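# Results of the structural survey
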2 protein chains.
Amino acid sequence: MNTSVVSSSPWLGDIQWNSEGLVPVIAQDATSGRVLMFAWMNREALAQTAASGEAVYWSRSRRRLWRKGESSGHVQRVRELRLDCDGDVLLLQIEQLGGIACHTGRESCFYSVLREGQWVPVDPVLKDPEDIYG
Amino acid sequence: MNTSVVSSSPWLGDIQWNSEGLVPVIAQDATSGRVLMFAWMNREALAQTAASGEAVYWSRSRRRLWRKGESSGHVQRVRELRLDCDGDVLLLQIEQLGGIACHTGRESCFYSVLREGQWVPVDPVLKDPEDIYG
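None of the values given here were measured: they were computed from a predicted structure. (Residues numbered from 1 in each chain as written. Chains lettered and ligands numbered in written order. Predicted model: local features only at pLDDT ≥ 70, side-chain atom pairs only at ≥ 80, totals over all residues. Heavy atoms only, no water.)

## Regarding the overall build of chain A
Our working definition: A run of H or I in DSSP counts as a helix once it spans at least four residues, and a run of E counts as a strand once it spans at least two, with each numbered from the N terminus. This radius of gyration counts C-alpha atoms alone. The globule rule is 2.2 Å times how many residues there are, raised to the power 0.38. Two residues qualify as a contact provided that any one of their heavy atoms is within 4.5 Å of a heavy atom in the partner residue. Asp and Glu count as negative and Lys and Arg as positive, but His and the ends of the chain are not part of the count. Charge positions are represented by NZ for Lys, CZ for Arg, CG for Asp and CD for Glu.
Secondary structure summary: chain A contains four helices and eight strands in total. Helices and strands appear in chain A in the N-to-C order α-α-β-β-α-β-β-β-β-β-β-α. For chain A, whose C-alpha radius of gyration is 16 Å, the value lies close to the compact-globule estimate of 14 Å for 134 residues. Principal axes of the C-alpha set define a box for chain A whose edges measure 45 × 35 × 30 Å. Across chain A, every contact between residues at least 6 apart in sequence was considered, and the portion connecting residues at least 24 apart equals 44%. Separation between the mean location of the 14 positive side-chain charges and that of the 17 negative ones in chain A comes to 3 Å.

Here is the structure:
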């Protein structure tokens, strides 16, 4: 992959990056339609995602590119990339390898539901995080 | 609705608001699973959303609460509220009145797909924006 060529692609210039040079990204399971996670990309992460066909995010806490699945093996194969009407949010249709997107070992990061004034975890842990990252 | 009571609800305190006091929100059609839009809420918007059962966002451009559908009639009835693993992103399962979430008159704001290096609008305009807002 020639990153310098990819990064200068015109479609990357259509994106309204925020003041930190980032864009919010929603990852949705291409088959089930379940929203799996939310993360951020910078220009380089998006260029690498498009070039490789696998999701690469920008980790704001670690301040580095984060190839999803690099430690867990839970790679996200990208089937489709969509941009919203304002050009400032991305929606990825993905195939989630291992069926687990969340670092807690659940399918989706959105596993807590508001019920009677409390956030209640309602989805099962599919794999012990220690077995994923240990 | 007693907003002062609602705003002090403990579940609101579980949310990791960003430095601007906002949280990103994904609105998904509860029936089709389609991701319809992405917006932001502050504490008051979320309190009003939970109390009324209809989505209220914080408009960053207008710097005011924005009851979705207040001009268009395209109200979003909230069926479920989910919080992600880090407590800093919300996912709403909604019923989209009028079947249109986007100000362009389309069902979803995510109507442009990346194809051969270009963002291509692929979804139909269901209603002329002039007929919605005019």
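## Some thoughts on the pattern of salt bridges
Rules: By salt bridge we mean one thing: a side-chain nitrogen of Lys or Arg within 4 Å of a carboxyl oxygen of Asp or Glu. Burial classes: relative accessible area under 20% of the type maximum marks a residue as buried, over 50% as exposed, and values in between as partly exposed (1.4 Å probe, protein chains only).
Under the criterion given, the structure shown has 16 salt bridges over all chains. The partner of R82(B) in a salt bridge is D123(A), with the nearest N and O atoms 3.1 Å apart. Of the two residues, R82(B) is situated in strand 5 (residues 76-83) and D123(A) in the loop between strand 8 (118-121) and helix 4 (129-133); the pairing between them involves two chains. R82(B) sits in the buried class, given a relative accessible area of 12%. Residue D123(A) is classed as buried on the basis of its relative accessible area, which comes to 16%. Across the pair E107(B) and R34(B) runs a salt bridge whose closest N-O atoms are separated by 3.1 Å. On the criterion of sequence distance, the pair formed by E107(B) in the loop between strand 6 (90-96) and strand 7 (112-115) and R34(B) in the loop between strand 1 (22-29) and strand 2 (35-42) is long-range, its members being 73 residues apart. Classification of E107(B) by relative accessible area gives partly exposed; the value is 28%.

## A closer look at the relation of the copies chain B and chain A
For clarity, the cut-off: Superposition of the copies was done by least squares, using only C-alpha atoms of residues whose pLDDT is at least 70 in both.
Here chain B sits on chain A after a turn of 180 degrees about the axis and a move of 0.0 Å along it, with an RMSD of 0.0 Å. Expressed as a symmetry operation, the mapping of one chain copy onto the other fits a two-fold axis. Measuring from the rotation axis to each C-alpha of chain B, the shortest distance belongs to G33(B), at 2.8 Å. When the interface residues of chain B are mapped onto chain A, 100% of them again fall at the interface, so both copies present the same face.

## Here we look at the UniProt feature "domain: Phosphoribosyl-AMP cyclohydrolase" (unreviewed entry) in chain A
Basically, it comes down to this: UniProt positions are given in the numbering used here, feature names are shortened, and annotations may be inferred rather than shown by experiment.
When the UniProt feature table is mapped onto this chain numbering, "domain: Phosphoribosyl-AMP cyclohydrolase" (unreviewed entry) sits at residues 37-111 of chain A. Between the end C-alpha atoms of residues 37-111 of chain A the distance is 10 Å, and the span holds 13% helix and 39% strand.

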